[in-house]
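Spelled out, the chains give:
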Amino acid sequence: LACEVHSEKIGLAQKMVAARCNIAGKLAICTGEMLDSMYDSPMMTAAEVCDVTNAVLDGFDACLLTQVTLVGEFPVDAISQASKVARFAELGVDYYGSTNFISNNTRKPMAGMEAICLAAVTATIDMDASLIIIFSDSIVPPRLIAKFRPQVTILVVTNKPQVAAHCRFVFGLVPMYMKEKVTDTADALPAAVMHAKVQGLVTGESLQVIVMSGRETAIMSGQGIADLRFAPQRVTLQGESVLLVDPLPSPEGSYQGDQIMTLAVLSANGSVLENPSARKRNTKILCQLGPKSRSKDAICELLDAGMDVACINLAIGSQAGWMQVMADWREILAARLPQSRHVATMMVTKGPEIKTTMLRGHKRISLTVGQTVTIVVCGDDDQSFEGFQTEEETKIGVAYGALAESVAPGSTILISNGSIAICVKEVAGAEVQGVVTLADMKLGEKKLCSLPGARIQMPDKDSVLNFACTWNMDYLAVTFTQSGEDIKHVRALLQEAGCSMQVLAKIQNAEGLRNIDDILRHADGVIMARSALGVEIGAEKVPGAQKLIVTKCGIACKFVAVGDQMMETMLTKQKPTRAEMTDAANMVFDRCDGAMLVGETAHSTRAAETIRSLAAILVGAEEAMNKQQIFSFIRDFTPKPVGVVEAVVSGAVKTALDIEAFLIVIHSQDGSAAVLAAKYRPKVPVLVMTESEAIARQLSARFSLQAYLLPPGESYSAPGLKTAVAHAIANGICGGGGKMVLVSGRQGGAPPDQAPSVEVADMPDSVKAQPAKSLRVSALSITNKSWAAFRSQTLDVESHTAKTNLPCRKAKIVCTIGPQSGTEEVLGRLLDAGLNLARFNFSSGKAEQHRERLNRLRAVASSRGAHVATIFDTEGPEVVIGRLERHEPIYVEAGQKVILRACGGEEMRTFVGSKTDEATRIAVSYPQLSAHLTAGNVIWCNGHVDNLGIRVTSILDSCEVEGEALNSMLLAEGTTVSMPDITLDLPVLSPKDVADVQAFCSGDGAMDFLALSFTQSAEDVAEARRVLDAVEGGERVRIIAKIETALGLANFDAIMWAADGVMVDRGDLGMNIPMEKVALATKMMVAKCNIAGKFVICAAQMMEFMVEYSTPSCSEMTDVANAVLDGFDTVMLSAETAYGNYPEQTVRTMAALVRQAEVAMNFAATCAFIHEYSKPLSTCEAVALGVVNCAIDSKATLIICISDQGFMASLISKYRPPVPVLLVTSQAHIARQANAVFAQYPLLVPNLAEEFSTYLAKAVDIGVYSSGTVLAMYGRLEPDADSDPKYEILPPTECR
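Enquirer: Tell me what's going on with the nonpolar core, and back it up with residues and numbers.
Expert: Core analysis: the biggest nonpolar cluster contains 294 residues, and Met-212, Phe-230, Leu-403 and Ile-549 have the highest contact counts within it. At 11 residues, helix α38 (residues 1078–1092) tops the list of elements feeding residues into this core. Excluding residues within four positions of it along the chain, Leu-403 makes contact with Ile-375, Val-377, Val-398, Ile-413, Val-432 and Leu-451. In this structure, Ile-922, Val-924, Leu-971 and Ile-982 belong to the second largest nonpolar core, which totals 26 residues.

Enquirer: Just give me the short version of the side chain of Gln-508, but keep the residues and values in it.
Expert: With respect to the helices and strands, Gln-508 occurs in the loop between β23 (502–507) and α16 (510–514). Residue classification places Gln-508 among the buried residues on the basis of a relative accessible area of 7%. With residues near it in sequence (within four places) discarded, Gln-508 still touches Thr-479, Phe-480, Ala-529, Ala-532 and Leu-533.

Enquirer: Describe the side chain of Ser-1134, naming the residues involved and giving the relevant values.
Expert: The topology assignment puts Ser-1134 in the loop between β49 (1130–1133) and α40 (1135–1138). Ser-1134 sits in the buried class, given a relative accessible area of 18%. Dropping the residues within four chain positions of it, Ser-1134 is found in contact with Thr-816, Arg-839 and Ala-1100.

Enquirer: Summarise the state of the cysteines; cite the residues concerned and give the values.
Expert: The full count for this structure, using the stated rule, is 1 disulfide. Two residues share a disulfide in this structure: Cys-469 and Cys-499, whose sulfurs sit 2.1 Å from each other. On the criterion of sequence distance, the pair formed by Cys-469 in helix α14 (residues 461–469) and Cys-499 in the loop between α15 (484–497) and β23 is long-range, its members being 30 residues apart. Of the two residues examined, Cys-469 and Cys-499, each falls in the buried class. This cysteine, Cys-167, is not joined by any disulfide, and Cys-117 carries the nearest cysteine sulfur, 13 Å off. Between Cys-553, a free cysteine, and Cys-592, which holds the nearest cysteine sulfur, the sulfur-to-sulfur gap is 8.8 Å.

Enquirer: If you had to explain empty space enclosed by the protein to someone new, which residues and values would you point to?
Expert: Applying the stated rule across the entire model yields 11 cavities of 30 Å³ or more. What the largest cavity holds in volume is close to 170 Å³. What lines the largest cavity is a set of 18 residues, and nearest its centre among them are Ala-789, Phe-790, Arg-791, Leu-1125 and Asp-1126. Sorting the residues of the lining of the largest cavity by element identifies β9 (259–268), β32 (787–796), α38, α39 (1114–1126) and α42 (1163–1172) as the ones contributing at least two each. With 4 residues, the top contributor of residues to the lining of the largest cavity is α38. Tallied by class, the residues present in the lining of the largest cavity amount to 12 nonpolar, 3 polar and 3 charged.

Enquirer: How would you explain the packing of helix α20 (residues 578–589) against α39 if you had to name every residue and give the values?
Expert: Across the interface, α20 lies against α39 with an axial gap of 8 Å and an inter-helix angle of 70 degrees. In terms of orientation, α20 lies roughly perpendicular with respect to α39. Our pair here, α20 against α39, has a crossing hand that is left-handed. For the pair formed by α20 and α39, the contact residues are Ala-579, Glu-580, Thr-582, Asp-583 and Asn-586 on the first element and Ser-1115, Glu-1116, Thr-1118, Asp-1119, Asn-1122 and Asp-1126 on the second.

Each value, and the rule that gives it
- Residues numbered from 1 in each chain as written.
- Predicted model: local features only at pLDDT ≥ 70, side-chain atom pairs only at ≥ 80, totals over all residues.
- Heavy atoms only, no water.
- Core = buried A, V, L, I, M, F, W, Y, C linked by side-chain atoms within 4.5 Å.
- Buried < 20%, exposed > 50% of the residue type's maximum accessible area, 1.4 Å probe, protein only.
- Helix = DSSP H or I, 4+ residues; strand = E, 2+ residues; numbered from the N terminus.
- Contact = heavy atoms within 4.5 Å.
- Disulfide = S-S within 2.5 Å.
- 1 Å grid on protein atoms, 1.4 Å probe; cavity = no way out; pocket = protein on both sides within 12 Å on 5 of 7 lines; lining within 4 Å.
- Points joined across faces, edges and corners; volume = space filled by probe spheres on them.
- Nonpolar A, V, L, I, M, F, W, Y, C, P; charged D, E, K, R; others polar.
- Axes fitted to C-alpha atoms, helices over the stretch in contact; angles between N-to-C directions.
- Parallel < 35°, antiparallel > 145°, perpendicular 65-115°, else oblique.
- Left-handed = near helix turned anticlockwise from the far one by under 90°.

Remember, this is a structural readout, not a statement about activity or role.
Structure representation (structure tokens):
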């Protein structure tokens, strides 16, 4: 080869050839002048030692010696020395990495035989096996095993001489030639193991062995996937005897250590956003039964909607009432079985309900910080004492008999979801003296209390035995679990009664979170009660605690479900909020087994509708998960070696991924093998064939598992398998067609949950696949637009249970200014709370009002020396409901006829909508309505509280459309209208918008950003730029494209590149695309903006709950945190600050959530992800990447960037630095606009020639620096880094 290519290229050519052969599974032999110096010398040269070593490390199967053995003087020495060098080189091979590399680069889908061989190799690694034994008359299966570079020898047992000879060429293969044909692997296995020992292939007396053989015959022919299976076997060597023994039990596999890493990787193409999903849902739904869902009819509705686990909380209602519910439950299931969907039952123990008592005269008590309060212990009766307040004293009662024993001086008592906090000063008998430390509200009657750190009483024997054991519940959730001892206590009660059920720990206090590792050692799983937990640890810590608990449970293979306020809005509304949509999706990305609905199903008449909405969101999220990456993450972080069963089952999941199987079938007697499959998050459903009805019910709660109950007396067999697969296809569990992965007991009748084997099979011939569902394809095709998103965090228990000093916040906050926030006093408080940008929404309010509020804001900001950015949000091409009779709202009822009249101009002002017995007639401000709509289209009227859907039934004429109301709602004039199925033929800037832009975006007082509502194309952005450029100073205004329509989403790439930044308006977007697609669309857009270096804002319904309440819902807590973790530069508040009752508290809460989320961000991994998708880089971007990596590696605390136009500072922010970026500029508008970008904090200076010590002093003043390493970026020839950047670490003398 060196004669035809340049000699300097031989080294790389060698590596390329070896790598390509490895991936293709082809034999690779390295030759050419190897050891030629030994032609007349008995010793290798150092170069030849390195040559042989590199050949091994490059992945060659063999080294071919030519001259040295053909005519050399020392051929035996050459072979001996080359063998020694190769053996030592193999000690340096990263077999784990080699297997993953070859697997990742092998074209998918793999052939079935290849996937099985890979599964056998990964099982060998994971269980630390000593040997692979394969019985084969073909070289093909052994070569496929060798392709994946196992770390152990592959003993090939064959009666074909040519196969034995071929083995001498291939990496890792050692032949064992047998003249007699093997008919039973169990009989031949001892001889094979003894042969391996004699040959020195294995050492020790107890060995783990992977055995590969044919399915029907012992010897494989290599003709197809139906001829291959693998299984583990443990053997013991005793002298000349080989004993086959049972496998060792699986070791504990929990995620140990103070810190834990989480990972979510998404990858999909546009079709995931474009089409409805036809997949079976893998994530399960738990539903709490209650007053609205205890009847037989209600239970049947929940079952039909998709409930997987029915939860009974003994704290609600009477035990006698629940007894009747369970009797009805059994009757309903008996009528649906034997082969309907299996549904589990869960009992939640009744913990001590700690609450305040009644108040004298039912008069609420005013509490102020510093006030002394006497708490009277009232046993368990909340009626026995009435609290009161006089000028001399304040006394309140608490109904909890053990209160005095549970608290001590220094303890805290939290009341009403933490809105009131009382610090205990003295405990005297039945009275507790305390001082109020927090009082956000007046105290009412019967408010729930929490006792952080106090020991809570466990459930007594009667409550467990009289109900859970009587009704043979499948799960028992232990309220207020604080340690592993609590679980052991409950298990002892169950054991005493002879009951067998899964015991779950309900984590709802700081002590339970602190002891999560101990709890997981004893519990079967966890229910995370987010609302109660947030009261103790703080709302801002709940999202991180959720990810921590879920990840630990996942690695430990323990069940985990998240509950509380999952879809709370649907108690009263038709659709969930955008925060709830994304919360549910993120729960899937966090890898929960299930989502738990509490009040949504216990107290709502919309329970079934809520379940269906949640199910749609869960399926949509599952479609975008990168299952290969998730599998690798779980496998990498599972402690090694794993047990035999886990090694085999995880291999089965990997095989299903690699061959793109349509189904995994597992025969499992006790469910343990099936649960291990769920741990690795398979992409396809797992059909579990089991003989136990109790196991079938329990498995229904686990991710992806679907149970098939074998008929009495029937065991796992080919006919039974055919029936089970037919059942799965008929019931929509899988679609059928293609290959399936089978996990069953090893040949010889070994139990599947102790010694499983894996094989790949085609779908049974007699089973018919279901035809693919017809999917509605949107006219707005985005199918070819692939995308990926990455999220990684590092979490620890301590930071979520103790007070910690949080670093400077890097993600920014937008506040919408309105009636509740337009005064100087409130604006000042918002600035102090964390406002960075102020949004003025010109779709509501008058221009004069906005001008007054803008002037007040600027005055307040000037008095504080703050550079606050302002956003002009256009009204846009809005379609609204016209005038109504007497200007009063009309109540539109579900099923009612609605006639929509297309109006424009003068008719829009004169036509008056009204309601009669026959129909409701309303005007819509879109003259082309009749021309653009067709029967079947749905129009949404977006009310402030709910949304009214109207399905078009007919087009009456050119002006009127007839439709039917899909739900009931109070419809007001001016309500905006969304039409998801059509493209509006309206200009992006109305004449009113243009006039407002000319007034507010010109001159020295121009606003900083123009948020372009309903952006649908890059041309819309260009039109807005033309309008801005036509006014004085308009060229300095940056354009934010608001994505809120399906067309805007379809044209997103072009819009993003044309605009300066993007606002993801989830509110209107959720009306224009299916709600289950909102979270994925959001993640797609933010990932693309991150890679493009465009700032991106998350908007709509982020903390909607705080419009009326002083704390956010659990969904909103996680929504804000996940927005930051997903990569948003800025999070936005709308009605929360414009109209809400708690604007300042909302901003403070959001700021706390953002800071806590940023603590968990894996900045190095995020930077690497953005870098990977940004190549090749410009010189300036490469320098920006360098400074971010330097900040990560040096643990710097500040980056100073002299960037007059903000260009280099924005490039730094693109790569998500872990520290603040002090942007030094002489341009006032650049300083203000920096507030929209991640990590940037502006410093406005008269010129750029000051010393860095001056900048550091200012950084201390604005609170972004205190001490530590500082990186400085500036120009090579002048201070401004925007032209020719360089950076350095400032000397310590300048950082003092």
